[in-house]
Amino acid sequence: SQKIEQNSEALNIQEGKTATLTCNYTNYSPAYLQWYRQDPGRGPVFLLLIRENEKEKRKERLKVTFDTTLKQSLFHITASQPADSATYLCALGFSGGYNKLIFGAGTRLAVHP
Amino acid sequence: GAVVSQHPSRVICKSGTSVKIECRSLDFQATTMFWYRQFPKQSLMLMATSNEGSKATYEQGVEKDKFLINHASLTLSTLTVTSAHPEDSSFYICSARGLAGGLFYNEQFFGPGTRLTVL
């Protein structure tokens, strides 16, 4: 069966450390993968997109890797801050058609001062 | 960045009534709009995709006669939940993709969501 798995347990880390979130998928062949941030009661906010032929993407304190052999993406936040506390969603994107996204359930990150 | 708004942000209605939710792209032309539903601590589930001026494409298991979608212009799509029941209570989120400043953006820009509670 097709699955997207993100760690359902909250990730608690200390301010200043690097947070690493994982997204694994099964029986999908995405053309690209996106990461979103979602705060409680709000819509997701786009963070980064990485294509299947890219191994790594960076944006300020964010870094995403994409391994199509392992069917895994890692999302890193360096020098984390309490303001980074939120739920982070990964989404698989597919070319053709309407380019719809399939979302994981998200991982809640809590950064403690 | 592209801005998408939704109205209302919260709505409470009685069972059996219909509720309309609006989704607007404020500074770009939304050639495609998506409607999602999200239950607590669960992922966003795509309900339907609509292109401006065309009929919406519904995902498997989503009743098109219950969730009416209209995408009449490049800046507005509406979702009407007809004869709402308590099990329809959820967080409904729209997203849009399209043209801004002459460039086409492949990523989806999300609205803030609408919390629907059916009593």
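Refer to the structure presented above.
The structure displayed is predicted, hence computed values, not measured ones.

Caption draft 1: Representation of unusual backbone geometry within the structure. For the bond running from B:His7 to B:Pro8, omega is 0°, close enough to zero to count as cis. Topologically, B:Pro8 is positioned in the loop between strand E1 (4-7) and strand E2 (10-13). With a phi angle near 55°, A:Glu60 is a residue other than glycine that sits in the positive phi range. Although it is not a glycine, A:Lys71 adopts a positive phi angle of roughly 55°. In this structure, A:Lys71 sits in the loop between strand E7 (62-67) and strand E8 (72-77).

Caption draft 2: Structural detail: the layout of surface pockets. Counted as a void, the largest pocket has a volume near 570 Å³. Around the largest pocket, the lining comprises 25 residues; the ones closest to its centre are A:Thr87, A:Ala105, B:Pro40, B:Lys41 and B:Gln42. Elements represented by at least two residues in the lining of the largest pocket include exactly strand E9 (86-93) and strand E11 (107-112) of chain A. Residue composition of the lining of the largest pocket, grouped by class: nine nonpolar, ten polar and six charged. In this structure, the second largest pocket spans a volume of roughly 330 Å³. Considering the residues around the second largest pocket, the lining is formed by 20 residues, among which A:Tyr28, A:Ile102, B:Leu44, B:Met45 and B:Leu46 are closest to the centre. Counting residues per element, the ones that place at least two in the lining of the second largest pocket are strand E1 (3-6) and strand E10 (101-103) of chain A together with strand E5 (45-51) of chain B.

Caption draft 3: Examining the packing of aromatic side chains more closely. Here the structure, examined in full by the defined rule, presents twelve aromatic pairs over all chains. Look at A:Tyr36 and A:Phe103: their rings are 5.5 Å apart centre to centre, the planes differ by 50°, and that puts the pair in the tilted class. Taken as a pair, A:Tyr36 in strand E4 (residues 32-38) and A:Phe103 in strand E10 lie far apart in primary sequence, 67 residues in all. With respect to burial, A:Tyr36 and A:Phe103 carry one shared label: buried. Measuring from centroid to centroid gives 5.8 Å for A:Phe103 and B:Phe110, while their planes differ by 80°, and the two rings are edge-to-face. Remark: B:Phe110 occurs in strand E10 (residues 103-110) and A:Phe103 occurs in strand E10; the pair is interchain, linking two chains. Exposure class is identical for A:Phe103 and B:Phe110. Each is buried. A network of ring pairs unites the aromatic residues A:Tyr36, A:Phe46, A:Phe103, B:Tyr36 and B:Phe110 as a single cluster. Here the guanidinium or amino end of B:Lys66 rests over the ring plane of B:Phe67, the centre of that ring lying 6.0 Å away.

Caption draft 4: Just the pairing of strand E3 (residues 19-25) of chain B, in detail. Residue and element names in this part refer to chain B. On E3, burial follows the alternation: Val19, Ile21, Cys23 and Ser25 on one face are buried, whereas Lys20, Glu22 and Arg24 on the facing-out side are not. Sheet analysis places E1 next to E3, joined by four bridges and oriented antiparallel. Looking across to E3, one finds that Gln6 is bridged to Cys23. Note: E3 against strand E8 (residues 76-81), six bridges, orientation antiparallel. By the bridge assignment for E8, Lys20 is matched with Thr80.

Caption draft 5: Representation of the interface of chain B and chain A within the structure. Each partner contributes residues to the interface: chain B has 20 residues there, and chain A has 17 residues. Each partner contributes to the roughly 1,600 Å² buried at the junction of chain B and chain A, and carbon and sulfur atoms together form 55% of this total. Of the charged contacts, one joins A:Lys100 and B:Glu59 as a salt bridge, the two residues approaching to 2.9 Å between their closest N and O atoms. At the boundary of chain B and chain A, one finds four residue pairs in polar contact (both at pLDDT 80 or more). Every element with two or more residues in the side of chain B that touches chain A is listed here: strand E4 (29-38), E5, strand E9 (90-100) and E10 of chain B. Ranked by residue count, the leading element in the side of chain B that touches chain A is E10(B), at four residues.

The rules behind the values
- Residues numbered from 1 in each chain as written.
- Chains lettered and ligands numbered in written order.
- Predicted model: local features only at pLDDT ≥ 70, side-chain atom pairs only at ≥ 80, totals over all residues.
- Heavy atoms only, no water.
- Helix = DSSP H or I, 4+ residues; strand = E, 2+ residues; numbered from the N terminus.
- 1 Å grid on protein atoms, 1.4 Å probe; cavity = no way out; pocket = protein on both sides within 12 Å on 5 of 7 lines; lining within 4 Å.
- Points joined across faces, edges and corners; volume = space filled by probe spheres on them.
- Nonpolar A, V, L, I, M, F, W, Y, C, P; charged D, E, K, R; others polar.
- Phe/Tyr/Trp six-rings, centres within 6.5 Å; stacked < 30°, edge-to-face > 60°.
- Buried < 20%, exposed > 50% of the residue type's maximum accessible area, 1.4 Å probe, protein only.
- Lys NZ or Arg CZ within 6 Å of the ring centre and 35° of its normal.
- Pairing = 2+ DSSP bridges.
- Contact = heavy atoms within 4.5 Å.
- Buried area = accessible area lost by both parts, 1.4 Å probe.
- Salt bridge = Lys/Arg side-chain N within 4 Å of Asp/Glu carboxyl O.
- Polar contact = N/O pair within 3.5 Å; in protein donor to acceptor, adjacent residues only side chain to side chain.

Shape is all these values report; function is a separate question.
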